[in-house]
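# Coordinates in review
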Amino acid sequence: MAQTERPVDSEVEVDWPDYRSTRLRHPARPLVVLPGRFADLEGPVFGDDALEPHDDDLTRQHDGEPLGERIIVQGRLLDDEGRPIRKALIEIWQANAAGRYRHDGDRHPAPLDPSFGGAGRRLTDDEGRYRFVTVKPGAYPWGNHENAWRPAHIHFSLFGRLFAQRLVTQMYFPGDPLFEFDPIFQSVRDPRARELMVASFDLGVTQPEWALGYTWDIVLGRGRAATPLDPDA
Ligand SMILES: [Fe+2]
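Criteria and cut-off values
- Residues numbered from 1 in each chain as written.
- Predicted model: local features only at pLDDT ≥ 70, side-chain atom pairs only at ≥ 80, totals over all residues.
- Heavy atoms only, no water.
- pLDDT = per-residue confidence, 0-100.
- Contact = heavy atoms within 4.5 Å.
- Helix = DSSP H or I, 4+ residues; strand = E, 2+ residues; numbered from the N terminus.
- Pairing = 2+ DSSP bridges.
- Axes fitted to C-alpha atoms, helices over the stretch in contact; angles between N-to-C directions.
- Donors = N, O, S within 2.8 Å, 3.2 Å for Na, K, Ca; no water.
- Tetrahedral: all angles 85-135°; square planar, octahedral: opposite > 155°, others 65-115°.

### Section: the confidence of the model for the chain
- On average, residues of the chain score 89 in pLDDT, and 92% of them reach the 70 mark or higher.
- Across residues 1-10, where pLDDT falls below 50, the model places 34 contacts with residues more than four positions away in sequence or in other chains.

Structural data, given as C-alpha cells:
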C-alpha cells in the first residue's frame, strides 16, 4: 500500500445511513476530544505466551487443509511518523473461500469448511512486520439492501502500544468489482483514503507453486496516512 497522504478532514462519516446497521449505534453527539495526556497513555501489552502455534496460519489450524486460494498477507504496522510498532497484537477474522463465516448468525447458504475456522492472530516483530497464511475469502450477501454483496475482505483488529493506537478495520483485495456498490467501503469518502484499505498484489511475496502474496501496510494514528477505521467498529 502506498503511503498516500490524505486530508485530515476526510475522517469516516459517523452518520452513514446507507450502512443500515449503524443507524442506531453511530455517535449522535459531537465527538469528545480527549485531553492531550491520553495521547501517551500506554495500552494493554500482549506477550508471546498469549499465542498458540499456527495462530498466524489459518490453513493449519485443523486436521485438513481448507479449500480455496491459499494466500500470504503480510505488511508492516507503523505509526504516524513511519516508525514500526513492535510487539503489537494483530487479530484477523474472515469468511471462508465460499463467503461463509463460522458463526451461528451467518445464514448465507454457502458451505462451511470443516478445515477452516477463519480467525488468526500474531504479534508484530521488531520491524513492525506481520505475516498471515490463509485462503482468500469469498464475497457474501449481507442483506443491507437489495442484492447487497460485500467485497472480499479480511477484518483486522489492532492493539498498538498506546490507547490512541487502537484500530478495527478491513483489508480489501485489489480490483474488486464490488467496491463501488459497497456502503461500508464507500463510507470512507476520500478515494485516496479508500486506497489505504486495499492490499497490493505482490509477486515478491508470492511463493512459487504454493500461494499468492499480498502486502498491506497499516498506519495507526490520526495523521494523513492513517488507515481508515471500519465505521461499525
Ligand atoms: Fe465481514
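Once the structure has been displayed, the description carries forward.
### Topic: the environment of Leu167
- Mapped onto the elements of the fold, Leu167 is located in strand β8 (residues 166-172).
- For the pair Leu167 and Tyr101, spaced 66 residues apart in sequence, the C-alpha separation works out to 22 Å.
- Residues within four places of Leu167 in sequence aside, it is in contact with Phe156, Ser157, Leu158, Ile218, Leu220, Thr227, Pro228 and Leu229.

### Considering the sheet that holds strand β2 (residues 89-93)
- The strand order β3-β2-β7-β8 describes an open sheet built from four strands, whose pairing is antiparallel. One side of each edge strand has no neighbouring strand; the edge strands of this open sheet are β3 (119-123) and β8. When the angles between neighbouring strand axes are averaged without regard to direction, this sheet yields 20°.
- Sheet topology places strand β7 (residues 153-159) next to β8; seven bridges connect them, and they run antiparallel. Bridging across to β8, His155 finds its partner in Gln170.

### Notes on the coordination of the iron ion
- Binding of the iron ion to the protein goes through Tyr101 (OH), Tyr140 (OH), His153 (NE2) and His155 (NE2), at separations of 1.9 to 2.2 Å.
- Seen from the iron ion, its four donor atoms lie at angles of 92 to 160°, and the figure they make is irregular.

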